[in-house]
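Notes for the structure review
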Amino acid sequence: MIHAGSGGVGTFAIQLAKLMGAYVATTASDRGYALVQSLGADRIINYRKENFEEMLSGYDAVYDTIGGEVLEKSFQVLKPNGKIVSISGLPNARFGREANLGWLKTTLLSIVSHRITTLEKKNQARYHFLFMKPSGLQLERIKGYLEDGLIKPVIDKVYDFKDVGQAFQYLEGGSAKGKVIVKMK
Ligand SMILES: NC(=O)c1ccc[n+]([C@@H]2O[C@H](COP(=O)([O-])OP(=O)(O)OC[C@H]3O[C@@H](n4cnc5c(N)ncnc54)[C@H](OP(=O)(O)O)[C@@H]3O)[C@@H](O)[C@H]2O)c1
């Protein structure tokens, strides 16, 4: 399951998951429905009208781009030993250890992510916070997929560099459909 399939991250995540052979459920509003359908989403939940946690169950994995309550409810969608990867939730102690943040920061993360750790245990799930790192290897693979037409970038708006503030303002509005581009020249 991929949250916010119509966003900048979601539009790529759906396509990459389909390429990996996954059955993909996603959340979108009326405005994003046709887009996520065109990207290959198998099940679309209108998050403004329906509760995804009541409609989906037995999923292997959730990719969370929203955090907060949406992240917490996502545990209900998983099968036992399922996995949640979040780019918008709280980093936990596992993240602290993997990122070598040291004892103090890892302990602090363990305290602030206590609710998530409780949900992990209750639902027999694994929670990972992902902080993206640039990877030449991964970008090379994605470039290949793009060149072979296996995935396509979804571009919402393009701004000149001088209008970068407007680009951020638009993004902060939270309703982008695909990527927002800033041209360097
Ligand atoms: N950890 C990291 O390294 C990392 C990296 C990149 C991004 N992020 C974070 O990941 C998040 C997503 O990034 P993004 O670029 O994909 O955002 P985005 O493009 O701004 O997402 C906007 C989209 O999300 C949809 N949406 C909003 N609320 C939703 C909800 N409750 N359920 C389902 N869809 C919803 C909107 O649909 P409607 O307008 O139709 O409602 C819109 O199409 C951001 O918070 C960003 O900061 C983290």
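The structure presented is a predicted model; accordingly, all values stated were derived computationally and were not measured.

1. Some points on the layout of surface pockets
Of the volumes computed, that of the largest pocket is approximately 1,400 Å³. Along its surface, the largest pocket is lined by 34 residues, and A13, L16, M20, Y63 and L130 are the ones closest to its centre. Only α1 (8-19), β3 (59-64), β4 (78-86) and α8 (136-147) provide two or more residues apiece to the lining of the largest pocket. In terms of residue class, the lining of the largest pocket is built from 25 nonpolar, three polar and six charged.

2. Quick word on the site of the ligand
In the region of the ligand, 22 residues are neighbours, and S6, G8, S29, Y47 and A176 sit closest. Between G8 and the ligand, the recorded distance is 2.8 Å, taken from a backbone N or O atom to an oxygen atom. Separating a nitrogen atom of the ligand from a backbone N or O atom of I87 is a distance of 3.0 Å. Of the pockets mapped on this structure, the ligand occupies the second largest pocket. Looking at the shell around the ligand residue by residue, the class counts come to 10 nonpolar, nine polar and three charged.

3. Let's talk about α8
For α8, spanning 12 residues, the distance from its first C-alpha to its last is 16 Å, which sits close to the expected 16 Å at 1.5 Å a residue. Burial analysis of α8 places just zero of its 12 residues in the buried class, which makes it a mostly uncovered element. One or two positions beyond α8, positive phi appears at G149, with a value near 70°.

4. Concerning the domain arrangement of the protein
According to the domain assignment, the protein contains domain 1 (8-129) and domain 2 (154-185). Measuring from the centre of the C-alpha atoms in domain 1 to the corresponding centre in domain 2 gives 25 Å. Listed by partner, the interface residues are eight residues for domain 1 and five residues for domain 2. Carbon and sulfur atoms supply 70% of the area buried between domain 1 and domain 2, which totals about 560 Å² over both sides. The interface formed by domain 1 and domain 2 includes zero salt bridges. On the surface where domain 1 and domain 2 come into contact, there are one residue pair in polar contact (both at pLDDT 80 or more). If you list the elements that add at least two residues to the side of domain 1 that touches domain 2, you get α1 and α2 (30-38). If you tally residues by element for the side of domain 1 that touches domain 2, the top one is α1, at four residues.

5. Considering unusual backbone geometry
Of note in this structure, A4 is not a glycine but carries a positive phi near 55°. Positionally, A4 belongs in the segment before α1. Since its relative accessible area comes to 25%, A4 is described here as partly exposed. Of note in the backbone geometry, Q124 takes a positive phi value of approximately 50° without being a glycine. Note on placement: Q124 falls in the loop between α7 (114-122) and β5 (126-129).

6. Thoughts on the nonpolar core
Among the nonpolar cores identified, the biggest contains 19 residues, and M1, L56, F75, V77, I84 and Y127 are the most heavily contacted of them. Of all the elements in the fold, those that place two or more residues in this core are β3, β4, α7 and β5. Among residues more than four places away in sequence, those in contact with M1 are A25, T27, F52, L56, Y59, A61, V62, Y63 and V77. Among the nonpolar cores identified, the runner-up in size contains 13 residues, and A13, A17, V24 and V154 belong to it.

7. Looking at the sheet that holds β3
Taken in spatial order, the three strands of this open sheet run β3-β4-β5, and their pairing is parallel. Pairing within the sheet leaves two strands with one partner each, and these edge strands are β3 and β5. Here the strands of the sheet are splayed against their neighbours by 15° on average, with no regard to which way each runs. The pairing of β4 with β5 spans four bridges and is classified as parallel. Its bridge partner lying in β5, I84 is registered against Y127.

Basis of the calculations
Counting restarts for each chain, with residues numbered from 1 along the sequence as it is written. For this predicted model, a pLDDT threshold of at least 70 governs which residues receive local features, and a threshold of 80 or more governs which side-chain atom pairs are given and counted, while totals over whole chains, interfaces and linings are taken from all residues. Processing note: side-chain calculations cover all non-hydrogen atoms of the structure and skip hydrogens and water entirely. Points on a 1 Å grid, built from protein atoms alone, make a cavity when a 1.4 Å probe fits but cannot get out and make a pocket when they are open with protein on both sides within 12 Å along at least 5 of 7 lines; residues with an atom within 4 Å of a point are the lining residues. Grid points are joined across faces, edges and corners, and a volume is the space filled by probe spheres set on the points. Numbering of helices and strands starts at the N terminus; helices are DSSP runs of H or I of at least 4 residues and strands are runs of E of at least 2. Each residue is assigned to one class: nonpolar for Ala, Val, Leu, Ile, Met, Phe, Trp, Tyr, Cys and Pro, charged for Asp, Glu, Lys and Arg, and polar for all the others, Gly among them. Near residues are defined by distance, with any heavy atom within 4 Å of the molecule or strand qualifying the residue. For the purposes of these results, a polar contact is taken to be a pair of N or O atoms within 3.5 Å, where, inside protein, one atom must be able to donate a hydrogen and its partner to accept one; residues adjacent in sequence count only when each atom of the pair is a side-chain atom. Pocket occupancy is defined atom-wise: a molecule lies in a cavity or pocket when more than half of its atoms are within 2 Å of its grid points. What a helix is expected to span follows from its residue count: subtract one and scale by 1.5 Å. Classification of residues uses two cut-offs on accessible area relative to the type maximum, computed with a 1.4 Å probe and protein chains only: under 20% is buried, over 50% is exposed, and between them is partly exposed. For each domain, the first and last residues come from an automatic or database assignment. Any two residues whose heavy atoms approach within 4.5 Å at even a single point are treated as in contact. Joining two parts hides part of their accessible area as seen by a 1.4 Å probe, and the buried area is that hidden amount summed over both. Here a salt bridge means any side-chain nitrogen of Lys or Arg lying within 4 Å of a carboxyl oxygen belonging to Asp or Glu. For our purposes a nonpolar core is just a set of buried Ala, Val, Leu, Ile, Met, Phe, Trp, Tyr and Cys residues, chained together by side-chain atoms within 4.5 Å. Here a strand pair is declared whenever DSSP counts at least two bridges between the two strands. The axes used here are C-alpha line fits, helices contributing only the stretch in contact, and every angle between their N-to-C directions lies in the interval 0 to 180 degrees.

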